[in-house]
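# Working through the structure, step by step
Letter by letter, the chains look like this.
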Amino acid sequence: MRDDSEHTLMARIAAGDHAACGLMVDRHLGRIVAYARRLLGDQQEAEDVAQKTFVRLWTHAERWEPRNAKVGTWLHRVAHNQCIDRLRKRREVLMDELPDRQDPAAGADQLIHQQDVAAVVEAAVARLPERQRAAILLCHHQELGNIEAAEVLGVTVEALESLLTRGRRKLRELLRERAPELLGDL
């Protein structure tokens, strides 16, 4: 029986095993793309970041040390750094309105409402300062623990908790004015 633990897979990847790399990509691709998309707000850029992240996995697997970070944490860190580089390069321009979304099935009022709320929340998250946004996304969307999220951001757990507190406070401010509209008949 083959051992598919992340430690073993990383050793196999470092030895040039394409199948092991494929397994690692299968395990982490969705979460890496989702994190990058939420941070960058662009699916194509997120896919580019994921591709570069997994190229880094392939080319730097021999440098990975299991005592320093879990593979998922390390991959998030690589993706995070690439996202921050992209954000700094493009000097993000805030949009006045959200882009058009795909039209949901007719008669799905609840689904439409949920999508509207999600779009407003996502827009509010996008307005957070980049470090607060990254902390919120890592902990709430990527479901990383505080220790792992702090490692990804290169900060202490206390600094991460401060970023989360400030980010949540700012989100409340941004969403407070839209609350009656968002809550509707609830």
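What you are looking at is a predicted structure, and each value in this text was computed from that prediction instead of being measured.

Since one α-helical turn is 3.6 residues long, residues separated by three or four positions face the same way. Helix length check: helix H8 (residues 157-176) (20 residues) gives 28 Å between terminal C-alpha atoms against 28 Å at 1.5 Å per residue, within 8%. Every buried residue of H8 is accounted for by Leu-160, Leu-163, Leu-164, Gly-167, Leu-171, Leu-174 and Leu-175. Down the axis of H8, the smallest arc covering the buried residues is 100°, so these residues share one side. For H8, the exposed residues set more than 90 degrees away from the buried face come down to Glu-158 and Arg-176.

The next point concerns the nonpolar core. Ranked by internal contacts, the top residues of the largest apolar core, which has 49 residues, are Met-10, Ile-13, Leu-39, Leu-57, Leu-153 and Leu-160. Examining the composition of this core, we find that nine residues originate from one element, helix H2 (residues 18-40), more than from any other. The residues contacting Met-10, other than those within four sequence positions of it, are Met-24, Leu-57, Ala-61, Trp-64, Val-71 and Trp-74.

Running from N to C, helix H4 (residues 71-90) and helix H7 (residues 146-153) cross one another at 40°; their axes reach a closest spacing of 8 Å. The orientation of H4 with respect to H7, classified from their angle, is oblique. Viewed along their axes, H4 and H7 form a crossing whose handedness is right-handed. Contact residues: Thr-73, His-76, Arg-77 and His-80 in H4; Glu-148, Glu-151, Val-152 and Leu-153 in H7. Class assignment of the residues belonging to the contact of H4 with H7 gives a composition of two nonpolar, three polar and three charged.

Each value, and the rule that gives it
- Residues numbered from 1 in each chain as written.
- Predicted model: local features only at pLDDT ≥ 70, side-chain atom pairs only at ≥ 80, totals over all residues.
- Heavy atoms only, no water.
- Helix = DSSP H or I, 4+ residues; strand = E, 2+ residues; numbered from the N terminus.
- Expected span 1.5 Å × (residues − 1).
- Buried < 20%, exposed > 50% of the residue type's maximum accessible area, 1.4 Å probe, protein only.
- Arc of directions from axis to C-beta.
- Core = buried A, V, L, I, M, F, W, Y, C linked by side-chain atoms within 4.5 Å.
- Contact = heavy atoms within 4.5 Å.
- Axes fitted to C-alpha atoms, helices over the stretch in contact; angles between N-to-C directions.
- Parallel < 35°, antiparallel > 145°, perpendicular 65-115°, else oblique.
- Left-handed = near helix turned anticlockwise from the far one by under 90°.
- Nonpolar A, V, L, I, M, F, W, Y, C, P; charged D, E, K, R; others polar.

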